[in-house]
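A closer look at the structure
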Amino acid sequence: MGKILKSNMNISKIYVVVLLITSSCSLSAQVTFNSLKDVFDYADKHEVSIQNALINERIAAAKAKQTKSQLYPQITGSAGYNDNISLQPTLVPANIFNSSAPAGEYKKYKFGKKYISDATVALQWNILDFQKNLAVKMASNEIKTSKWSTASSKWNTYMNLASGYYSILITRKSMDFYKENVKNADLLLNSGLNKYNKGLISKDVLDRTTIQQINALKELHAAESSLQKLVCQLQGDLTINDEIVIADNVDKHVNTETDLYFETVHPDIKYKESVLNYNQLQLKQAKALNYPSLSLTYQYQYNWAADRLMDYANAISYNTQFIGVKLSIPLFTGFHNKYKRKEAQWSVRQAQYNLDATRIAREKEDEMLKIDYLQSKQNYEDESRVLSLQQDADSKINDKYQKGVISLDERLDKYQDLLNEQNNYIKSMGNYLIAQYQVYIRHINF
């Protein structure tokens, strides 16, 4: 009888602890999820890997605009000031200013002004530049690659979150069985103690009943610890410090109809296609290294020359301007361009190989997923029927035990059959729900 009271006290302590935790948590903020979609929506706004991927998208978009801006004309303005501390002398034949001066005689003269100021506007425009044009296309492709990289990140995150979410639901479902098993084990132990005190059963049978009760408590405690860890794991995955409340029930998900025809393309395939396109553009860019380029240059400069600093009123002013066109043709680059093309060709071949392999792998994964879903659903339905039959049979066996038709030892043997079937049922439910959420995620159009 003391063991029964001790076990009951242990259960009471568990409920008190859970009540205290619930009460303390209710005072803090809560995040409530009514469905798996709610979890995904929250992850899209807060989960770290998804947020990093979205930031990479914005970075790629900014780089694309930066690259495209290189196609526009570059206009620069500048202003200068020179103080000619000493004017450079120039040798001039003396007979220019004095006809009687002997030939070969030179005089030193200084030309120019001490202070020179200028203002310049220059325009540089690459009218024809295959490298920059292809760089713009590559930057645009990088935006698509970044987008599909985000989709792949979401895919992996969703799979991880769904696994934790359904594990919580399944664990809570299993705890319903374990709590009932603890009650039944307490009743059997109480009955066993009465029979033992009356000398109707042996010590071995009583010990077996006690072991049954201890194991039932162990399973319940293990499930409670597992549930706490699963909730903590989900909080960590979603970067949540607040309490998580899952207002969902596993029974809502086990009888739903699911479409096994997948219209959406897996994000990994889209990502590999984008990588292939990028490498193909790289190959075009490598080939374009031997193409000519054409640029236009224009410059306008206004100058002031004066003998005194900042004396623009008496300064001599003049302007100069020019326009130029430059055609550049690469003739020999030391075989650099040749090997650059070969490198790009191998990159294209590698990307194509990865794309083909990914397509086949994902197609086979889809086929296996359909097989797993149908098989796990059938197994779950079968186990549900078996569990229902086993529960009915155990109820009848318990009635026989209560009437004294069968012994406690036989009652424990038959009760173990129910426990085994409960485990089979929980396992089949887990496999079915795993396949179900994988199908659900597969239908998402990323």
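Up top you'll find the structure we're talking about.
So, here's what we can say about the structure.

A few words on the packing of helix α4 (residues 130-197) against helix α7 (residues 336-402). One can describe the packing of α4 onto α7 by two numbers: an axis separation of 14 Å at closest approach and a directional angle of 20°. Considering their axes alone, α4 and α7 lie roughly parallel with respect to each other. Seen along the crossing, α4 lies across α7 with a hand that is left-handed. Judged by residue contacts, F177, L188, S191 and K195 of α4 engage L387, Q391 and Y401 from α7. Tallied by class, the residues present in the contact of α4 with α7 amount to four nonpolar, two polar and one charged.

Put simply, helix α2 (residues 36-46) and helix α8 (residues 408-442) touch, their axes get as near as 12 Å, and they point 50° apart. Regarding the angle of α2 to α8, the classification is oblique. You can see that α2 and α8 cross each other, and the crossing is right-handed. Facing α2, whose interface residues are L36, K37 and F40, α8 presents Y437, Y440 and I441. Of the residues belonging to the contact of α2 with α8, the class tally is five nonpolar, no polar and one charged.

Next up on the list: the pairing of strand β5 (residues 115-128). Strand direction decides the pairing type here: strand β2 (residues 74-83) and β5, joined by 10 bridges, are antiparallel. Within β5, the residue paired with Y81 across the bridge is S117. Here 13 bridges tie β5 to strand β7 (residues 293-306), and the two strands are oriented antiparallel to one another. Paired with Q124 across the strands is T297, a residue of β7.

What follows deals with the nonpolar core. Ranked by internal contacts, the top residues of the largest apolar core, which has 65 residues, are F33, L36, L238 and I441. Among the secondary structure elements, those contributing two or more residues to this core are β1 (30-33), α2, α4, α5 (203-238), β6 (243-246), α7 and α8. At 18 residues, α4 tops the list of elements feeding residues into this core. Filtering out sequence-adjacent residues up to four positions away, L238 remains in contact with F33, V39, Y42, A43, H46 and L161. By size, the runner-up hydrophobic cluster in this structure holds eight residues, among which are I269, L276, A351 and L355.

So, about the packing of aromatic side chains. If you walk through the whole model with that rule in mind, you get 15 aromatic pairs. Ring plane angle 10° and centroid distance 4.0 Å describe the contact between F40 and Y158, whose orientation is recorded as stacked. Highlighted residues: F40 in helix α2 and Y158 in helix α4, separated in sequence by 118 residues. Assessed through its relative accessible area of 3%, F40 is described here as buried. With a relative accessible area of 5%, Y158 lands in the buried category. Taking 5.0 Å as the distance between ring centres and 75° as the angle between the ring planes, the aromatic pair formed by F130 and Y291 counts as edge-to-face. Residue F130 is found in helix α4, and its partner Y291 is found in the loop between α6 (267-287) and β7; the two are separated by 161 residues along the sequence.

Each value, and the rule that gives it
- Residues numbered from 1 in each chain as written.
- Predicted model: local features only at pLDDT ≥ 70, side-chain atom pairs only at ≥ 80, totals over all residues.
- Heavy atoms only, no water.
- Axes fitted to C-alpha atoms, helices over the stretch in contact; angles between N-to-C directions.
- Helix = DSSP H or I, 4+ residues; strand = E, 2+ residues; numbered from the N terminus.
- Parallel < 35°, antiparallel > 145°, perpendicular 65-115°, else oblique.
- Left-handed = near helix turned anticlockwise from the far one by under 90°.
- Contact = heavy atoms within 4.5 Å.
- Nonpolar A, V, L, I, M, F, W, Y, C, P; charged D, E, K, R; others polar.
- Pairing = 2+ DSSP bridges.
- Core = buried A, V, L, I, M, F, W, Y, C linked by side-chain atoms within 4.5 Å.
- Buried < 20%, exposed > 50% of the residue type's maximum accessible area, 1.4 Å probe, protein only.
- Phe/Tyr/Trp six-rings, centres within 6.5 Å; stacked < 30°, edge-to-face > 60°.

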